[in-house]
Amino acid sequence: MLIMYCSAIFYFVDHMGGNTQRLIKLNPLFGIIHNFRRTFFGQPFDMVLLLYTTLFALFTLLIGMFVFYRKQDSFILHI
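Residues numbered from 1 in each chain as written. Predicted model: local features only at pLDDT ≥ 70, side-chain atom pairs only at ≥ 80, totals over all residues. Heavy atoms only, no water.

**Quick notes on the packing of helix α3 (residues 28-40) against helix α4 (residues 47-75)**
Convention followed: Fitted lines through C-alpha atoms give the axes, limited to the stretch in contact for helices. The angle between two N-to-C directions lies from 0 to 180 degrees. Under the DSSP-based scheme used, a helix requires at least four consecutive residues in state H or I and a strand at least two consecutive residues in state E, with every element numbered from the N terminus. These descriptions rest on fixed angle ranges, namely under 35 degrees for roughly parallel, over 145 for roughly antiparallel, 65 to 115 for roughly perpendicular, and the rest for oblique. Crossing handedness follows the turn of the near helix against the far one: under a right angle anticlockwise gives a left-handed crossing, and clockwise gives a right-handed one. Only heavy atoms matter for contacts: two residues are in contact if any of them lie within 4.5 Å across the pair. Residues are grouped as follows: Ala, Val, Leu, Ile, Met, Phe, Trp, Tyr, Cys and Pro are nonpolar; Asp, Glu, Lys and Arg are charged; all remaining types, including Gly, are polar.
Contact geometry for α3 and α4: axes closest at 8 Å, N-to-C directions at 140 degrees. Comparing the axis directions of α3 and α4 gives the class oblique. The two elements α3 and α4 meet at a crossing, and its hand is left-handed. Facing α3, whose interface residues are P28, F30, G31, I32, H34 and N35, α4 presents L49, L50, Y52, T53 and F56. Among the residues making up the contact of α3 with α4, the classes are represented as seven nonpolar, four polar and no charged.

Listed below in structure tokens is the structure:
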């Protein structure tokens, strides 16, 4: 539920104050939802948000791979 409320699914962020708007835009799901909403209304992608979301996903993937490869020997014992 927290992810749903922090992702601006049911409300527009443009009507919020400056600090709240910046905080919600840091959420990587906001970029995906915002770009989907823009294409649904016939507007082009917001490339900055798309780039931010892509870089965040790649960074998270690299950290996950690094942690997995460091812990893979002990990981199999817990399964």
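Alright, that's what it looks like, and here's the rest.
**Notes on the packing of aromatic side chains**
Here is the rule we go by: Ring pairs are drawn from Phe, Tyr and Trp, using the six-membered ring of Trp, whenever the two centres fall within 6.5 Å, and their geometry is named by plane angle: stacked under 30 degrees, edge-to-face over 60, tilted for the rest. Summary of the burial criterion: residues with accessible area below 20% of their type's maximum are buried, those above 50% are exposed, and those between are partly exposed, where the area comes from a 1.4 Å probe applied to protein chains only.
Following the criterion strictly, the structure yields four aromatic pairs and no others. When the centroid spacing of 6.4 Å and the interplanar angle of 20 degrees are considered together, the rings of F36 and F40 count as stacked. With F36 and F40 both in helix α3 and four residues apart, the pair spans about one turn of that helix. F36 gets classed as exposed once you look at its relative accessible area, which sits at 59%. Through a chain of ring-to-ring contacts, three or more aromatic side chains come together here, namely F36, F40 and F41.

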